[in-house]
Amino acid sequence: GQQVMQIPQYQHVQEGEDFTTYCNSSTTLSNIQWYKQRPGGHPVFLIQLVKSGEVKKQKRLTFQFGEAKKNSSLHITATQTTDVGTYFCAGGTNDYKLSFGAGTTVTVRA
Amino acid sequence: DAGVIQSPRHEVTEMGQEVTLRCKPISGHDYLFWYRQTMMRGLELLIYFNNNVPIDDSGMPEDRFSAKMPNASFSTLKIQPSEPRDSAVYFCASSFSLNVQETQYFGPGTRLLVL
């Protein structure tokens, strides 16, 4: 079945620095979604990418969907303490299910 | 809008007991999903419904797990009998008319501990 791999599993970042988390699928995706889960909270939708090579930005967050629609990345610039949490990518296929990656847990040192 | 509502928020039970988790999706959403989250296995899709009908239950771990959706505003996930390895956070999520994959809105989760 479809598998979505996400790296790194943990990211410890100095406040103000940039980082990137990567997502790879074993199969071609119809779309990819990104969610953020704060400690003790629930996943909250951030964004969806549908088109090959698509790039979307949300303030300091930049999301990219690969040309082959099998990989994606999330890049955060100038990390802030509010960025703490776990970021999940979720790959969608034509059967309407989402396969979630294991997530990248981000901690920030001030 | 109140969002997806789940109850109870926390459940502690003993092995062998029956556990029932409840979910009220966002009004108007016609897809409902049950997920389980653990440190070891991450976020796993257990089952999902469309218009109250189960579409895919391939993620349900075993016969001890069952899910129902008697109407558009209510779903249950039942574990009978429960085992310690069922301890996890169970999330319910809902979405509207999956065409090219709509956003899933997650509830706050039920934190289950089976002793």
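These figures come from a predicted structure and were not determined experimentally.

A. Representation of the state of the cysteines in the model. Counted by the stated rule, this structure contains two disulfides over all chains. Between the sulfur of Cys23(A) and that of Cys89(A) lies a disulfide, 2.0 Å long from S to S. Here the S-S torsion is close to 80 degrees, and the disulfide linking Cys23(A) with Cys89(A) is therefore right-handed. With a gap of 66 residues between them, Cys23(A) in strand 3 (residues 19–25) and Cys89(A) in strand 9 (residues 85–92) connect regions that are remote in the sequence. Cys89(A) gets classed as buried once you look at its relative accessible area, which sits at 0%. With a sulfur-sulfur separation of 1.9 Å, Cys23(B) is cross-linked through a disulfide to Cys92(B).

B. Highlighting the sheet that holds strand 7 (residues 61–65) of chain A. Residues and elements named next belong to chain A. Reading across the sheet, the five strands line up as 1-3-8-7-6 and stay open at both edges, with antiparallel pairing between neighbours. Both outer strands of the open sheet, strand 1 (4–7) and strand 6 (55–58), are each paired with one neighbouring strand and no more. Between one strand and the next, the sheet's axes are offset by a mean angle of 15 degrees, whatever the strand orientation. Where strand 6 lies against strand 7, four bridges are found, and the strand directions are antiparallel. Among the inter-strand pairings, Lys 56 is bridged to a residue of strand 7, identified as Phe 63.

C. Molecular detail of the nonpolar core. Residues Trp34(B), Leu77(B) and Tyr90(B) are the most contacted members of the largest nonpolar core, which totals 21 residues. Secondary structure elements with two or more residues in this core: strand 3 (19–24), strand 4 (31–38), strand 5 (42–50), strand 7 (65–71), strand 8 (74–79), strand 9 (88–95) and strand 11 (110–114) of chain B. Not counting the four nearest positions on each side in its chain, Leu77(B) is found in contact with Val19(B), Thr20(B), Leu21(B), Trp34(B), Leu46(B), Met60(B), Ser66(B), Ala67(B) and Tyr90(B). With 19 residues, the next largest nonpolar core counts Val13(A), Leu29(A), Leu46(A) and Leu61(A) among its residues.

About the cut-offs
- Residues numbered from 1 in each chain as written.
- Chains lettered and ligands numbered in written order.
- Predicted model: local features only at pLDDT ≥ 70, side-chain atom pairs only at ≥ 80, totals over all residues.
- Heavy atoms only, no water.
- Disulfide = S-S within 2.5 Å.
- Helix = DSSP H or I, 4+ residues; strand = E, 2+ residues; numbered from the N terminus.
- Buried < 20%, exposed > 50% of the residue type's maximum accessible area, 1.4 Å probe, protein only.
- Pairing = 2+ DSSP bridges.
- Axes fitted to C-alpha atoms, helices over the stretch in contact; angles between N-to-C directions.
- Core = buried A, V, L, I, M, F, W, Y, C linked by side-chain atoms within 4.5 Å.
- Contact = heavy atoms within 4.5 Å.

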